[in-house]
Amino acid sequence: MKQRLEMSKRKNSSMVEVPRKRAKSSQPEQSEDEGERICPVQDSSAHSASGEVGIIEKIFLKNFMCHSLLGPFTFGSNVNFVVGNNGSGKSAILTALIVGLGGKAQTTNRGSSLKGFVKEGENSAEISITLRNRGQDAFKPEVFGQSITIDLRISSEGLRTYKLKSKTGQLVSSKKEELVSILDHFSIQVDNPVSVLTQEMSKHFLHSKGEGDKYKFFMKATQLEQMKEDYNYIMETKTVTQNTVEKHELTLQEMRRKYKEKEEKYNNLASLDEMQEKLEELKHQMAWALVTEMEQEIQRMRERIAEEEKSTAKFNQKVEEWKVIFQMLTEKVAEAEQKYKQFHNQLECVTERVQKLQPECGQLRNRAQDCNKAFRTTEAAFHRQKTVVRDLERDKEQLTKRISELKHSITQSSAADSQARVRQMSRLQSELDALTFQESTLAQQIDQFQQACTSAKDKLSRMRREDQDLLRSFEAKQREMTALQGVRHGGIRRFGEQMPAFLEAIEEAYRRGQFRKKPVGPLGFCIRLRDADFGLAVESCLKSLMLAFCCDNYMDERVLQALMIQSFPQGRRPQIIVSEFIDTPYNISNRAVNHPEFPTVLQALDIDNPVVANCLIDMRGIETVLLIKNSKDARRVMQGGNPPRNCREAFTREGDQVYNNRYYSSDQQRALYFSCDVEQEIRHLQAVLKTQKEHLNGFKQQIRDVDDHVLQTEALLKRAVDDHKLVKDRCRKLRLEMNDLRNVEEPQSEDLKPLEDELEELSSRLTLCREEYESERQQMLTSKRVYEEVELLYRQHRETLNSVAEEAEPIKEELSKSDQEVEKSKHHKKHYEEKRKTHINNIQAQMSILEDKEHKLKASAEKASEICPERIDIRRTAKNLDSDISHLKLKITTQQNQHGDRDTIIREYQEAFESYNSIAQQVKSLKLFICLLSKIMNTRHTVYTEMRRYLSVRCKYYFDSMLSQRGYTGTMTFNHKKEALSISVQPGEGDKANLSDMRSLSGGERSFSTVCFVLSLWAIAEAPFRCLDEFDVYMDMVNRRISMDMMLKIAASQRYRQFIFLTPQSMSSLPINNLTRILRLNDPDRSQSILTFGPRSLEVPE
């Protein structure tokens, strides 16, 4: 209530001060006007300073009302006539002046809202008004300069936007409050009819037949109406305040009664000093006991912090060790990359050599084919030659037999020993020929068996290598089948047959409390793909991490390792990663890859557990690995010279790994853990396994057949070698025996000579045929050997290329392993750095807590000192003291319930006393305020009445003076009680005519009388400029001339004011001087039914 009264008081005071300022400012103006009116030719130099501010220098309109362009119009500093026919834009200029200086649309009587002033078909209207700002009364001259330009833009929705600009055109402000300040400073009031009098305002007030309307016009022009409204509001507020004071007086009596009751209780209160003193003593002890306990707690915290600071060195040592390891591994990776680069270069060289040798190999292959063809040709010739030899041998045998028969017939007469010798030689020769043929056949068989055995052994070696490849492929397909069947039976089985049992063992161990936090894994089971096309790419990226497990600490790792030993065989145990579990994902905004087209591995996965996401970020950096489906796009992005920021590598849909300087193809053909249609994959693998098994069984049978063939060929070769050795020995013996028999001389007949010659020729031909046969056989063997050498050379080149690629594969694996070791060392280094940071943060937190406790200790000691200045050595605990205090308080409370609470009674007594005094003081202040306000308002009302009377007298005086200019007489009667103003005018001189009401006058006389009334109001009101619209519309020529002379004379005597008259008359009879300016507007175009609103031109001011 008090605050509301004070606010009402401030409001009433402010409302009272406003009319006082207006009254004071109007008094000197009245005296000045009165002096001017009595002495019209008085020098106006005294007002030159005032005439430098607030007058209108220029106005410009665009799309306003029905005009596209009007202006710019430059006004003079004294008298300005805006001349033009109806529709030329005179009223538009006056309306724009009112609206542009902050007036409302209703004030102009031209429309109900601002949007009605926007020309039809346009989006907005613009008004620009320039006000003079010179002299010592200028408004912020250092900001605006010598003129202020007010730009107003009215939108088609009725919204107005102001821009206040300086002389130089610089925007100073766009707030309407600044415009209001300027108008107040210049005393510009566009809604005051003395400043701007429109036709509608003139018709409503001046030409109205009611005396009340003229009185309202007088009150509005002199601002007495505003002053009266302010006084009425103040009196209403005073009445409200008086009612409030009366209510408070009633409340004050009740408060006085309660205050007396509390005072009586306070005087009758019994004292409990002894128990209170004992309680105070215990409180003193309690205060210092709390201080002692806090000191002991702080001492313990300091000891703990000292121990923690000692352990910081261990973390620093660990971090430095892993830094060294990380540096070494980084160098190792660089060395491996260099080595791989060398092998890659060698591989490229070998590839180039192979590409160069390809044509040569093709030539060698073609040559080998030609040699094989020649071999077949020579082999056919050999068999033909063999047939010839056999025929010759048969002829030789027959001829030999014939010779033997002839010799036998010749030598029948010889002795029995000669016949026996011949028969013996013939028999031996036949046997020798048969053995020679057998030896040749056996030699050929040995060569054939040797070649067949070598070819079969080579074929067997190749088939056994192919068999190993097929077996490995078959086993890989079987493993894939097992994994897929595990997926079908249960999602976790795809990670291995042992995985379900292993997870059950982990769950059981966690229930028994062996783990601090349950391990998470396998990691591949905790993630899901958003795009199934990236399954192989993600598996190629994560590799062994798909089966890895994550532990929170090293104790949990040892327990998990023991469980793995029981569940997994050596060499196939999953990886264990130790990293502290954090419930929130890492903030990777600064180090992640943000590519507009391709996602990272982290973005391609749905990971619900933040521990899994953080682990993959630490171990593999999945936020820096891109997934790009097309290998061509992957090469373009990664190896195009400008890889994405923070991107280390990328993987394609086929699982290929792409760096900025190298490219690795994936050995894996399909995704094992992220397969989509499991059943279709199983059916496909079953068919492939069946085909591969049949092919493998058939291939093994072929190997067994080839092996048996090798054994048979080797047995035949051995037997042929043995037979050939025996035949050679037998041939040698037979030749020796035949030589012995030939050495025996015996007579021969002359008839045997031709036959023997023929036999010798046949033997020569047989020898020649055998030589040709051997030559053909050697040529065949040579061609075959050349073919085999070329084929071997080509196979060696291919094997060399494969061996180099195989040698590069371990380097690739070593490089990948080194990368993983670097990531692992980076993870460990980061782990220990984070642990060190956590440890240091813990120490800092404890230090902060210690500092806080020390501050609390200091505050407690200060509080204890306030309670008890001298420190007390306390041996009792705060708990015991608190128990005694509670017991004593209970005892005091029991007694207080019997006699009343001392503190409560004292407090209530003080509150009642303060409340009573406060309300009494407020009531007293309000009464004084009302009394003072009554005196002030009585004084102001007296001044207001006197001022109203004074203004009425001045208005009458000026009105009579104006009428006398034409010889009229008249009276102006004010009835302030009835709020009526009656004006009586009589044309003629002195007593020759009687006074009559203005309604009985002619139109011109009434207009002249109205002009005199307006001029009298001008004389008693203050404004920097005055605008009058069509003041002479109802005047005849005589009244118009007299009225014009009167207004020009007043304007000449008030050169510090600006006058703007709007009239449809030509004003050609006006005298030419430098104080009068005529602005002529073009006539509107009446030749067409629709007006064209073009820019208006104006004449040069006269």
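Residues numbered from 1 in each chain as written. Predicted model: local features only at pLDDT ≥ 70, side-chain atom pairs only at ≥ 80, totals over all residues. Heavy atoms only, no water.

Undergrad: So what about helix H2 (residues 90-100)? Which residues, and what values?
TA: Judged by how many residues are buried, H2 sits mostly within the fold: 11 of 11 residues are covered. Residues of H2 that are buried: Lys-90, Ser-91, Ala-92, Ile-93, Leu-94, Thr-95, Ala-96, Leu-97, Ile-98, Val-99 and Gly-100. Looking one or two places after H2, you find Gly-102, whose phi comes out positive at around 95 degrees. (Buried < 20%, exposed > 50% of the residue type's maximum accessible area, 1.4 Å probe, protein only. Helix = DSSP H or I, 4+ residues; strand = E, 2+ residues; numbered from the N terminus.)

Undergrad: Which residues make up the sheet that holds strand E5 (residues 147-155), and what values go with them?
TA: The antiparallel open sheet is built from 6 strands, whose spatial order is E2-E1-E4-E5-E6-E7. Two strands in the sheet have a free side with no partner beyond their single neighbour: strand E2 (67-74) and strand E7 (171-173). Put simply, the sheet's adjacent strands are angled 25 degrees from each other on average, direction ignored. Two elements, strand E6 (residues 160-165) and E7, share 2 bridges in a ladder whose sense is antiparallel. Looking at the pairing, Lys-165 lines up with Leu-171 of E7. With respect to the sheet, H2 is in contact with strand E1 (53-64), E2, strand E4 (124-133), E5 and E6, its orientation differing from that of E1 by roughly 110 degrees. Relative to E6, helix H5 (residues 176-186) is tilted by about 60 degrees, and along the sheet it contacts E1, E4, E5, E6 and E7. (Pairing = 2+ DSSP bridges. Axes fitted to C-alpha atoms, helices over the stretch in contact; angles between N-to-C directions. Contact = heavy atoms within 4.5 Å.)

Undergrad: Give me the lowdown on the environment of Gln-448, citing residues and values where you can.
TA: Position of Gln-448 among the secondary structure elements: in helix H10 (residues 416-489). On the basis of relative accessible area, Gln-448 is assigned to the partly exposed category, the value being 39%. Along the sequence, Gln-448 and Thr-713 sit 265 residues apart, while their C-alpha atoms lie 9.6 Å from each other.

Undergrad: Which residues make up the packing of aromatic side chains, and what are the values?
TA: By the definition in use, this model includes 16 aromatic pairs. On the numbers, 5.4 Å between centres and 65 degrees between planes, the contact of Tyr-957 with Tyr-958 is edge-to-face. Site record: aromatic cluster; members linked through ring pairs are Phe-81, Trp-1018, Phe-1059 and Phe-1061. We note Arg-635 situated over the ring of Tyr-663; from NZ or CZ to the ring centre the distance is 3.8 Å. Between the NZ or CZ atom of Arg-662 and the centre of the ring of Tyr-659, over which it lies, the distance is 3.9 Å. (Phe/Tyr/Trp six-rings, centres within 6.5 Å; stacked < 30°, edge-to-face > 60°. Lys NZ or Arg CZ within 6 Å of the ring centre and 35° of its normal.)

Undergrad: Can you lay out the sheet that holds strand E3 (residues 79-83) for me, pointing to particular residues and giving the numbers?
TA: Ordered in space as E8-E20-E21-E3-E22, the 5 strands form an open sheet in which the pairing is parallel. The open sheet is flanked by strand E8 (196-197) and strand E22 (1076-1080), the only strands paired with a single partner. Sheet topology places E3 next to E22; 5 bridges connect them, and they run parallel. Across the sheet, residue Phe-81 finds its bridge partner in E22, namely Ile-1078. Across the face of the sheet, H2 comes into contact with E3, E8, strand E20 (1025-1029) and strand E21 (1058-1063) while running at roughly 140 degrees to E20.

Undergrad: Could you give me a rundown of the pattern of salt bridges, with the residues and numbers involved?
TA: Counted by the stated rule, this structure contains 25 salt bridges. The salt bridge involving Glu-508 is made with Arg-512; its shortest N-O contact spans 3.4 Å. In this structure Arg-512 comes out as exposed when scored by relative accessible area, which is 51%. Among the salt bridges present, the one from Arg-528 reaches Asp-608, with a minimum N-O distance of 3.1 Å. In this pair, Arg-528 is assigned in strand E9 (residues 527-529) and Asp-608 in the loop between strand E12 (605-607) and helix H14 (610-620), connecting sequence segments 80 residues apart. A relative accessible area of 43% means that Arg-528 is categorised as partly exposed. (Salt bridge = Lys/Arg side-chain N within 4 Å of Asp/Glu carboxyl O.)

Any functional reading would require information beyond the geometric quantities listed.
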